[in-house]
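# A structural walkthrough
As a plain string of letters, each chain reads:
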Amino acid sequence: MSSLQTSFLDDILMVRLNEGRIADSQQAEEIGVDLLEQVSRATQGKMLLDLEGVTFVGSAMIGQIFWLNNKCTSKNVRLRVCKVAPALQGILDIVNIRDVVEILPDVAQAQLAFAQDQVARPTEGEQMTADNYQRDAESGVPEAQYELARCYDEGRGVEQNGSHAFNWYSKAAEQGY
């Protein structure tokens with residue numbers, strides 16, 4: 001049975017995660033693959049991840065959310081998250097997920113936010129290659145690990161490799177980035 005339930009609300013792809021706890025890295029990776037497959041369905045550039053009912057996510061699942069956001073960005077899809085339980089919000093606050101993904105209280109607020117924005121284009125600074133991050137990432141610098149993961153995710157400066165991207169996203173997430 002799939003962990004995801006999808007539907008459209010106007011031009012927004014709604015993706016609801018149907019798992020209460022996601023602590024296992026294999027479970028997180030399977031969900032991550034399913035989430036990434038949904039990005040191509042967001043043909044209007046809008047995807048809303050509904051986390052109602054999710055009470056816990058481990059670092060591997062946090063890495064998957066970061067990875068999903070980067071995949072969305074590379075495909076000009078705006079990702080937002082809604083209906084985050086207070087306990088889960090505490091976990092997400094620790095890793096500063098709000099720095100990359102907007103979290104809204106409910107679907108209505110998300111609809112309003114989508115109506116008010118345009119899909120962001122990558123900045124010149126985001127176009128740096130993996131060579132610029134490799135040394136620092138290997139030394140344990142979480143920002144460099146995250147940026148190197150994006151390079152592997154998007155194929156910038158290296159051959160695109162989802163497994164390498166996942167590993168670097170996970171390492172950054174484990175350090176709270």
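Relevant structure appears above.
Residues numbered from 1 in each chain as written. Predicted model: local features only at pLDDT ≥ 70, side-chain atom pairs only at ≥ 80, totals over all residues. Heavy atoms only, no water.

## Overview of the packing of helix H6 (residues 142-154) against helix H7 (residues 162-174)
Cut-off, in case you're wondering: Note on geometry: axes are lines fitted to C-alpha atoms, helical ones only across the stretch in contact, with angles between N-to-C directions running from 0 to 180 degrees. Elements are defined by DSSP. Helices are runs of H or I of four residues or more, strands are runs of E of two residues or more, and each kind is numbered from the N terminus. Here roughly perpendicular refers to angles of 65 to 115 degrees, roughly parallel to angles under 35, roughly antiparallel to angles over 145, and oblique to all remaining angles. It is the rotation of the near helix from the far one that decides the hand of a crossing: anticlockwise by less than a right angle makes it left-handed, clockwise makes it right-handed. Between two residues, a contact is recorded if the distance between any of their heavy atoms is within 4.5 Å.
One way to put it is that H6 packs onto H7 with a least axis distance of 8 Å and a crossing angle of 160°. One way to sum up the angle between H6 and H7 is to call them roughly antiparallel. For H6 against H7, the interelement crossing comes out left-handed. Taking contact as the criterion, the partners of Pro142, Gln145, Tyr146, Leu148, Ala149, Arg150, Tyr152 and Asp153 in H6 are, on H7, His164, Ala165, Trp168, Tyr169, Lys171 and Ala172.

## Focus: the sheet that holds strand E1 (residues 4-9)
Going by this rule: Here, strands pair whenever DSSP counts at least two bridges between them.
One open sheet accounts for five strands, arranged E1-E2-E4-E6-E7; its pairing is mixed. Each edge of the sheet is formed by a strand with only one pairing partner; in this case those strands are E1 and strand E7 (102-104). The average undirected angle you get between the axes of adjacent strands in this sheet is 25°. As paired elements, E1 and strand E2 (residues 12-17) share six bridges and run antiparallel to each other. Residue pairing for E2: Thr6 is matched across the bridge by Val15. Running at roughly 20° to E1, helix H1 (residues 25-38) makes contact with E1, E2 and strand E4 (46-50) of the sheet. Across the sheet, helix H4 (residues 107-116) is in contact with E1, E2, E4, strand E6 (78-82) and E7; its angle to E4 comes to roughly 160°.

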